[in-house]
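Coordinates in review
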Amino acid sequence: MTEKKEPESRKAAEEVRIGVYVCHCGLNIAGSVDCAEVAKFAATLPHVVLAKDNRYTCSDQGQDQIKKDIKENRLNRVVVASCSPRLHEPTFRKTCEEAGLNKYLFEMANIREQCSWVHLYDKKEATEKAKDLVKVAAAKAALLEPAEEAEVPITRKALVIGGGVAGIQAALDLADTGYNVYLVEKEPSIGGMMARIDKTFPTMDCSICILAPKMSDVGHHPNIELLTNSEVTEVKGYIGNFHVKVLKKPRYVTKDCSACGECVKVCPIVVPNEFDVGLAIRHGIYTPFAQAVPSTYIIDMNVCLNKDGVVVCDRCMKACERQAVRYEMTPETADLEVGTIIVATGADVFDPTALPNYGYGKYENVITSLEFERLINAGGPSGGHLLRPSDKQIPKRVAFVQCVGSRSDKSGKLYCSNVCCMNTIKDSLLIKEHWPETEIYVFYVDIRAYGKGFEDLYKRARKAGVIFIRGLPAEIVEDKKNRSLWLLGENSLQNELYKIKVDMAVLSIGLEPRKDSELIQRLLTLSRTQDGFFMEAHPKLRPVDAATGGIFFAGCAEAPKDIKDSVTQASAAAARAGILMAKGKVTVEAITPIFYPEKCKVCGLCVKVCPYNAITLNKDLKRIELIEAACGGCGTCAAECPFGALTQKHFTDEQIIAQVDAVTENSPEKKIVAFCCNWCSYAAADFAGVSRMQYPPNVRIIRTMCSGRVAPKFVERAFARGAATVLVAGCHLGDCHYINANYQMQKRVERLQKKMEQSGLNKERLQLLWASAAEGERFASKIREMKTIVESVTSKEIEASQKVFEKALTGV
């Protein structure tokens, strides 16, 4: 935390020299902004000594021009009006640094995603809005101060959560690089979903044959500590210095176990085998599958006759020659210190019982694609023989129904699960290979054979006689006489109804986020998409990074993907984590608090609202203390402080109020002043632009890192200066990048709305919006909604709100 004396008056205005660069890229080519006019306007702004418009500011030539101008024109602030700062802010900051200018003296105006692309058909208003956005950026730039980033040492150890193929690959890559790795898996064995399937597409390799050697490598690698049957229960700390607690559940069998299996023979307990999706049985003491790593057996105490330390049955103990069975084993907690974390928790599969029209759970011969994988697997319950469950006969006609739990309003899963089409094609070829006379029907919406070798596999299936029918069945009905199934639906290509009889139907179920995703999200301070999968920092530039520093994604935890893509992403995540650890230290972005001790009343409000427990109250010294490396940079503490003793670097009160003043300088009664958080609602506005979603041009967005940074005085200032409406937008509750900082913003907005209501003002003029980064339409709809409110606000109402909030004009 930086301590300062109360701010002195700023130096003479002429000392601030701003250069403004207006970029044409994507604007008047595929947009609606007159860049030349914007640049001409920028030249008239206070402190601006140079304003240019060019085609590609981010190109090498564009960056070289900025460097040249900084030196020749003695620029000490730079503003680039172009795309989103979420895309190219790091690029231009580096440019400034290379020219000898502190990178925190750079500011961006987003006139592409949040202006040109969302106002395609109103060039005049879009250009006027672009001028306003440049003015807002210049107003902030004039008040920017150079900042230095703190350096934090990095612990050169990594944690990988999840032992599927993605977690295995990530752990091996890091371990082979020389780093110590903790691999935590909640199941008794690593292997994940890949261990359960029979063959892989498009090569038709035996799945366990290519996975088992990697599993064995993990079990024997000197740099990997494998923690199976374990769960992460607590994560504290920050990038480079995470403190992790792992609950190690007892196996009740020691490492002396030789996996001979004698204990299983005498165990009287029999329950459905989870690995075989309930199609086979296992005993109370068991190993999940033949190639399990570790191979040590485990006792399921949920079904064992021995409860609460009372030994009722000791048959397995007596059968074990090595005396490896230990009923007295208890849970243990491991404390880990790691520098990076890779989340490879995988995905669950959709439960088709939610779709009663397909009869799953009601008709014995309706099975899922995962159950089919176990049936056709040589190590499965039927020894690799395709048998229909009702009579154990080989089916002569088999139907595959696609998109069960994907791309459907009924299931609530609107996304494509990525693997289902090719998995069905693979499975149909497996049937044709062993039972060529079997008739196979595939009912589909679209066949998505996009990957390398996928189209060839699809053509091969058609050539083998697999019949593809475009149109999912509306219903599956059982013939009670012989337990066969009738599929009823419409063939959309031939525009005719069908009624087809089969012996067995396989529902190609989609992937969905794991049920424990919410727990992982809370432990690691992650964000999730609308679909429930973890959200990456940037889909193009940082596709495996989490928004929280030091955390990375691999495999289906981030989105549905096949084995090849999961392994590729795992290696990418390991490389990203390795880059951090190789440096041995990391810099902390200079957006942490600035503390004015003479203003502090030691009230402790900042301590209560800090999501990271980075601020503590030293009662002996009667002052607050901050762990800068632990600070996430949300700014909630600054917004909560009623005495002005705290502000946030690069997002100071003075800077934000200057932005509010710039927005409301002209025609404030026609405008929506919007405060948007960087990670979600600002990103949603960007997404609206990328998707060309159109909305009214009277909104002006002011970016903060978190909605929790929005102090009441910012909103009051906007109303005091005549703004028609104010929008405060943040992440969905529970999905905040800064854990729970948006809850503090919600409380402040609700208090302000109550104040407005008590003062006779329309509280609808102050709106609150929760929007994820993927909800561009949600943001656009809110702006359309607020436009009608703006149009209904009278001049008398504007004057009334100015009077109520006039105290906000008296100072910062």
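What you are looking at is a predicted structure, and each value in this text was computed from that prediction instead of being measured. (Residues numbered from 1 in each chain as written. Predicted model: local features only at pLDDT ≥ 70, side-chain atom pairs only at ≥ 80, totals over all residues. Heavy atoms only, no water.)

Some points on the side chain of Arg282
Along the chain, Arg282 turns up in strand β13 (residues 281-283). Among the polar contacts made by the side chain of Arg282, one reaches the side chain of Asp300 at a distance of 2.7 Å. Setting aside residues up to four positions removed in sequence, Arg282 forms contacts with Ile269, Val270, Val271, Pro272, Asn273, Glu274 and Asp300. (Helix = DSSP H or I, 4+ residues; strand = E, 2+ residues; numbered from the N terminus. Polar contact = N/O pair within 3.5 Å; in protein donor to acceptor, adjacent residues only side chain to side chain. Contact = heavy atoms within 4.5 Å.)

Section: the pairing of strand β20 (residues 397-404)
Most of β20 sits inside the fold, with seven of its eight residues counted as buried. With five bridges connecting them, β20 and strand β21 (residues 439-444) associate as parallel partners. Counted as the bridge partner of Val401 is Phe443 from β21. Following the backbone out of β20, through helix α10 (residues 420-434) and into the adjacent parallel β21, one traces a crossover that is right-handed. For β20 and strand β26 (residues 504-509), the ladder comprises five bridges, and the chain directions are parallel. Bridge pairing in β26 links Ala399 to Ala505. (Buried < 20%, exposed > 50% of the residue type's maximum accessible area, 1.4 Å probe, protein only. Pairing = 2+ DSSP bridges. Right-handed = clockwise from strand over helix to strand, strands pointing away.)

Some thoughts on the packing of aromatic side chains
How two aromatic rings sit relative to each other is given by the distance of their centres and the angle of their planes. On inspection of all chains with the given rule, the structure shows 15 aromatic pairs. Aromatic side chains Phe201 and Phe454 sit 5.4 Å apart centroid to centroid with 75 degrees between the ring planes, which places their arrangement in the edge-to-face category. Residue Phe201 is found in the loop between β8 (180-184) and α6 (207-220), and its partner Phe454 is found in helix α11 (residues 454-463); the two are separated by 253 residues along the sequence. Accessibility expressed as a relative area gives 4% for Phe454, which makes it buried. Seen in terms of ring centroids, Tyr441 and Phe443 are 6.4 Å apart; in terms of plane orientation they differ by 25 degrees. Their pairing is stacked. (Phe/Tyr/Trp six-rings, centres within 6.5 Å; stacked < 30°, edge-to-face > 60°.)

Describing the sheet that holds strand β39 (residues 766-770)
Overall, parallel pairing links the four strands, which are arranged β37-β36-β38-β39 in an open sheet. Each of the sheet's edge strands pairs with one partner strand only, and the pair in question is β37 (699-704) and β39. Between one strand axis and the next, the sheet turns through 20 degrees on average, direction left out of account. Direction of pairing for strand β36 (residues 672-677) relative to β37: parallel, over a ladder of six bridges. Looking at β37, one finds that Cys677 is bridged to Thr704. Relative to the sheet, helix α19 (residues 741-758) contacts β38 (725-730) and β39, its axis offset from that of β39 by approximately 160 degrees. Of the strands in this sheet, β36, β37, β38 and β39 touch helix α20 (residues 776-792), which is tilted by about 170 degrees from β39. (Axes fitted to C-alpha atoms, helices over the stretch in contact; angles between N-to-C directions.)

Section: the confidence of the model for the protein
Considering every residue of the protein, the mean pLDDT works out to 93; 97% of them sit at 70 or more. Below a pLDDT of 50 lies the segment residues 9-13, which in the model reaches six contacts outside its immediate sequence neighbourhood of four places, other chains included. (pLDDT = per-residue confidence, 0-100.)

So, the nonpolar core
Formed by 42 residues in total, the largest nonpolar core has its most connected members in Leu174, Leu211, Met215, Ile224 and Ile342. Here this core gets eight residues from one element, more than from any other, and that element is helix α5 (residues 165-177). The residues that make up this core include at least three from each of domain 2 (150-249 + 331-346 + 514-583) and domain 3 (250-329). Excluding residues that lie within four positions of it along the chain, Ile342 makes contacts with Leu159, Val160, Ile161, Ala170, Leu174, Phe552, Ala554, Ala573, Ala574 and Ala577. Core analysis: the second largest hydrophobic core is formed by 40 residues, Val16, Val80, Leu105 and Leu133 among them. (Core = buried A, V, L, I, M, F, W, Y, C linked by side-chain atoms within 4.5 Å. Domains from an automatic or database assignment.)

Some details on unusual backbone geometry
A negative phi angle characterises most non-glycine residues, just as the trans form characterises most peptide bonds. Residue Pro202 is reached from Phe201 by a cis peptide bond, and omega for that bond is 0 degrees. You can see Pro202 is positioned in the loop between β8 and α6. Residue Pro294 is bonded to the preceding Val293 through a cis peptide linkage, with omega at 0 degrees. You can see Pro294 is positioned in the loop between β14 (285-286) and β15 (298-299). Positive phi, normally seen in glycine, also occurs at Val277, with a value near 55 degrees.

Side note on the sheet that holds strand β5 (residues 106-110)
Within the open sheet, the four strands sit side by side as β3-β2-β4-β5. Their pairing is parallel. Of all the strands in the sheet, the pair left with one neighbour each is β3 (48-54) and β5. Going from strand to strand, the sheet's axes swing by 15 degrees on average, the running direction of each strand aside. Both strand β2 (residues 18-23) and β3 contribute to a ladder of six bridges, which runs parallel. Bridged to Ile18 within β3 is Val48.

Things to note about empty space enclosed by the protein
Scanning the entire structure with this criterion turns up six cavities of 30 Å³ or more. The space that makes up the largest cavity amounts to roughly 190 Å³. Lining of the largest cavity is provided by 17 residues; of these, Glu107, Met108, Ala109, Tyr682 and Ile701 occupy positions nearest its centre. The set of elements that each furnish at least two residues to the lining of the largest cavity consists of α3 (85-98), β5, α4 (123-141) and β37. Across the lining of the largest cavity, the residue classes break down as 10 nonpolar, three polar and four charged. Structurally, the lining of the largest cavity is a two-domain feature, drawing no fewer than three residues from each of domain 1 (1-149) and domain 6 (651-812). (1 Å grid on protein atoms, 1.4 Å probe; cavity = no way out; pocket = protein on both sides within 12 Å on 5 of 7 lines; lining within 4 Å. Points joined across faces, edges and corners; volume = space filled by probe spheres on them. Nonpolar A, V, L, I, M, F, W, Y, C, P; charged D, E, K, R; others polar.)

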